[in-house]
Amino acid sequence: MIIFLYGKDNYRIKEQTDKILAGYKNKNTSGVNVFKYDFGQTDSANLIKELEENIKTLAFFKEKKIILISSVFTSKNSSKFVDIIEKWQLDKSDD
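Calculation criteria
Positions within a chain are numbered from 1, following the residues in the order the chain's sequence is written. Residues qualify for local features only when their pLDDT is at least 70, as the model is predicted, and side-chain atom pairs are given and counted only at 80 or more; totals for whole chains, interfaces and linings, by contrast, use all residues. Only hydrogens and water are removed before side-chain values are computed, so all heavy atoms of the structure are retained for them. We count a stretch as a helix when DSSP gives it H or I for four or more residues in a row; a strand needs E for two or more, and each element gets its number in order from the N terminus. The classification of residues rests on relative accessible area computed with a 1.4 Å probe and restricted to protein chains. Under 20% of the type maximum is buried, over 50% is exposed, and intermediate values are partly exposed. Only one rule defines a salt bridge in this text: a Lys or Arg side-chain nitrogen within 4 Å of an Asp or Glu carboxyl oxygen. Surface patches are defined over residues having more than 30% relative accessible area and no salt bridge, joining like charges when they lie within 9 Å and nonpolar side chains (Val, Leu, Ile, Met, Phe, Trp, Tyr) when within 5 Å. To be clear on the numbers: accessible area is Shrake-Rupley with a 1.4 Å probe, and residue cover counts the displayed protein chains and nothing else. For a helix, the expected span equals 1.5 Å multiplied by the number of residues minus one. Directions from the helix axis toward the C-beta atoms define the arc. We call two residues contacting when some pair of their heavy atoms lies within 4.5 Å. Definition used in this section: a nonpolar core is a set of buried Ala, Val, Leu, Ile, Met, Phe, Trp, Tyr and Cys residues joined via side-chain atoms within 4.5 Å. Per-residue confidence from the predictor is reported as pLDDT, a score between 0 and 100.

Quick look at the overall build of the protein
Phase 1 of the analysis: On a plain count of helices and strands, the protein comes out with 3 helices and 2 strands.
Phase 2 of the analysis: Along the protein, helices and strands appear, N-terminal first, in the series α-β-α-β-α.
Phase 3 of the analysis: When burial is assessed residue by residue, the protein has 25% of its 95 residues classed as buried.

Thoughts on the pattern of salt bridges
Oppositely charged side chains may form a pair once their charged atoms are brought near each other.
Phase 1 of the analysis: Enumeration over the complete set of coordinates arrives at 2 salt bridges.
Phase 2 of the analysis: Between Arg12 and Asp9 there is a salt bridge, and its shortest N-O distance comes to 3.2 Å.
Phase 3 of the analysis: For Lys14, the salt bridge identified is with Asp18, shortest N-O distance 2.9 Å. Separated by 4 residues within a single helix, Lys14 and Asp18 lie in helix 1 (residues 10-27), roughly one turn from each other.
Phase 4 of the analysis: Its relative accessible area of 52% is what places Lys14 among the exposed residues.
Phase 5 of the analysis: The partly exposed category is assigned to Asp18, whose relative accessible area is 38%.

A closer look at a nonpolar patch on the surface
Phase 1 of the analysis: Together, Ile2, Phe4, Tyr6, Phe73 and Val82 make up a nonpolar patch on the protein surface, roughly 560 Å² of accessible area in all.
Phase 2 of the analysis: With respect to the helices and strands, the residue Phe4 is situated in the segment before helix 1.
Phase 3 of the analysis: With relative accessibility at 46%, the residue Phe4 sits in the partly exposed group.

Side note on helix 1
Phase 1 of the analysis: Across its 18 residues, helix 1 extends 26 Å between first and last C-alpha, which sits within 8% of the 26 Å expected from 1.5 Å per residue.
Phase 2 of the analysis: Among all positions of helix 1, only Thr17, Leu21 and Tyr24 are buried. Seen from one end, helix 1 has its buried residues packed into an arc of 60°, which puts them on one side. Exposed and oriented more than 90 degrees from the buried face of helix 1 are Tyr11, Arg12, Lys19, Asn26 and Lys27.
Phase 3 of the analysis: Contact partners of the buried residues in helix 1: strand 1 (32-38) and strand 2 (64-70).

Looking at the nonpolar core
Phase 1 of the analysis: Ranked by size, the top nonpolar core spans 10 residues in total: Tyr37, Phe39, Leu47, Ile48, Leu51, Ile55, Val72, Phe81, Ile84 and Ile85.
Phase 2 of the analysis: Elements with a contribution of two residues or more to this core: helix 2 (44-56) and helix 3 (78-88).
Phase 3 of the analysis: Per element, the largest residue contribution to this core is 4 residues, and it comes from helix 2.

Quick look at the environment of Ser71
Phase 1 of the analysis: The topology assignment puts Ser71 in the loop between strand 2 and helix 3.
Phase 2 of the analysis: A sequence separation of 33 residues divides Ser71 from Asp38, and the C-alpha atoms of the two residues are 6.1 Å apart.

Description of the confidence of the model for the protein
When pLDDT drops low, the exact placement of atoms in the prediction is not to be read closely.
Phase 1 of the analysis: Per-residue pLDDT for the protein has a mean of 78; in total, 85% of the residues score no lower than 70.
Phase 2 of the analysis: The secondary-structure element of the protein with the lowest mean pLDDT is helix 3, recorded at 74, while helix 1 shows the highest, at 90.

Structure representation (structure tokens):
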């Protein structure tokens, strides 16, 4: 599942992100792995590689994987991010 949170109000974005994470942690007692990527960094090319590796890697146990990505559409590598979504078909969800 992909959830887009965007806007200029970073406080409310963080608040909503925390609420979503808490919901997943309560729902999935087997565990939740949270990975954070900030594409506003200068070395976003390496983050693309790390992100793709993280998507490919399967969890050893039945843990849910949540990937938080910030500043994606302000990055010069945003088209590569869209390519990753299409390649791995991340829009299909099993919740």
